[in-house]
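The primary structure of each chain is shown beneath.
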Amino acid sequence: MPIPIPQQMDLELFPTLTKSQIDAARTSAWYDTFEDITFPSTVIDLAELGEESNFLHWLEADSIFLPEGSQGRYQPEPVTSDAGPSRPRSRSSSNASSSSSTSSSSEAAPTYYLPRTNAAIRDALEKYGGSVFPKLNWTAPKDAAFILPQTASGPLHCTSPADVYLLLKSSDFISHDLEYKRAYLGCQRELDSEDVEAKRVEVELVLKKFEDISPSREIRCFVRNNILIGITQRDTVFYDHLQSEETRDLITRTVREFWEDEIRENYAGGDDYIFDLYLSPNLDSARIMDFQPYRSSVDPLLFSYEDLLSILQSSNSIDTESARLPILRYIDSKAHPGANTNAPTYQSNMMPIEMIELSQGRNMQEFKEAWDEALAQGMTE
Ligand SMILES: Nc1ncnc2c1ncn2[C@@H]1O[C@H](COP(=O)(O)OP(=O)(O)O)[C@@H](O)[C@H]1O
Ligand SMILES: [Mg+2]
């Protein structure tokens, strides 16, 4: 039955965002407000540590070498005083510039120093019982999970600064956080500004306490015009517990109440946003996992953004309809077209971009030697 759409609900598919709405979704922006109802996290402000430019220099360099002293959970011997506290330099005395990374393989490897960042990561490791889950401003390096040995705890389980660096270096996803035009996608005003080419994103490293997550209790929720429109399971596989209507009603109630009581009045990112929750084992309470701006780069999972818009429009045209929001979408059969098979989730990102670039012009043997050398170097220092 077609539902008449009133004029005032003639919304665009995506809202126009402001820069402050996008910044509100950074962990550093929302963490203090929601500290009691989210995962314990530490935000490392690299600029405050005086290592932001060295960090970026290392991250963007065309090499796979890890910063000095980053291996192992505990603080290694301090770097010798001639190393300088935080300045990247080349081991090659004939070429002290950062461009040494493009030099031939016969030259020694470049060396990177991030001692204060190493120490801050180790502090977080100690505070959180030995393991952390890393993110940059908005995004986790999920596409690089395969680079660390698989543990029973789950992907992105880091027990040393080197683990954190290796994930960041190998991830294509987190590089989006550093590109101004991608970071502020959806904020036309910002992207139209004259000096946009010269602008850069302030980098922050977020370390969350690592927890064993049950993906069956992860959900994603969509808010538009300050209305909670939809909830979808985040891990799109068939789950038995979601087949019970009673369970689905419980989840919907929990989420609606949690949003009304905890988020709606307190989130500083405006009236349009997406948030992820982690439900308690009995599904009657939740913790915040993350916030995202309401924009196309966020996977709508079992919805499409067209669906979300039409749900919102129809709910507003008939008063009684709004009572049934949010709508919960779930996989209701093993043959559901949205159901994930065993395919790796981030198949298109299986090979980190730096590795692809590094491998160009080198054969596998040379590439492996460079890799082994980087690891061996880290282990002896
Ligand atoms: N503290 C944590 N410990 C372990 N795994 C986590 C933690 N936080 C998130 N995860 C897992 O990583 C996934 C991505 O986390 P999230 O913070 O939403 O990153 P992103 O915004 O990049 O998607 C989640 O779906 C969850 O399975
Ligand atoms: Mg997120």
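Per an unreviewed UniProt entry, the chain carries the name Cell division cycle protein 123 and comes from Kwoniella dejecticola CBS 10117. Its UniProt record gives the chain a comment under Sequence similarities (unreviewed entry), which states: "Belongs to the CDC123 family."

Q: Please set out the confidence of the model for the chain residue by residue, giving values where relevant.
A: Mean pLDDT over the chain: 83, with 76% of residues reaching 70 or higher. Long-range and interchain partners of residues 81-104, a stretch whose pLDDT sits below 50, account for 48 contacts in this model, where long-range means more than four residues apart. Note on residues 346-365: pLDDT is under 50 here. Beyond four places in sequence and across chains, it has 22 contacts.

Q: Residues and numbers for the sheet that holds strand 5 (residues 204-209), please.
A: Sheet architecture is open: three strands sit in the order 1-5-4, paired in antiparallel fashion. Two strands bound the open sheet, and with one partner strand each, they are strand 1 (41-45) and strand 4 (132-135). Within the sheet, the average angular offset between the axes of one strand and its neighbour, ignoring direction, is 25°. As defined by bridge partners, strand 4 adjoins strand 5 across four bridges and the pair is classed as antiparallel. Within strand 5, the residue paired with P134 across the bridge is L207.

Q: Account for the site of ligand 1, with residues named and values stated.
A: Near ligand 1 lie 18 residues; those nearest to it are F133, T139, A140, K208 and D290. At the level of secondary structure, the elements contributing two or more residues to the shell around ligand 1 comprise strand 4, strand 5 and strand 9 (286-293). Looking at side-chain class alone, the shell around ligand 1 contains seven nonpolar, two polar and nine charged residues. Summarising the domain contributions, the shell around ligand 1 has at least three residues from each of domain 1 (1-39 + 214-346) and domain 2 (40-75 + 98-210 + 351-380).

Calculation rules
Residues numbered from 1 in each chain as written. Chains lettered and ligands numbered in written order. Predicted model: local features only at pLDDT ≥ 70, side-chain atom pairs only at ≥ 80, totals over all residues. UniProt positions renumbered as here; feature names shortened; annotations may be inferred. pLDDT = per-residue confidence, 0-100. Contact = placed C-beta atoms within 7 Å. Pairing = 2+ DSSP bridges. Helix = DSSP H or I, 4+ residues; strand = E, 2+ residues; numbered from the N terminus. Axes fitted to C-alpha atoms, helices over the stretch in contact; angles between N-to-C directions. Near = placed C-beta within 6 Å. Nonpolar A, V, L, I, M, F, W, Y, C, P; charged D, E, K, R; others polar. Domains from an automatic or database assignment.

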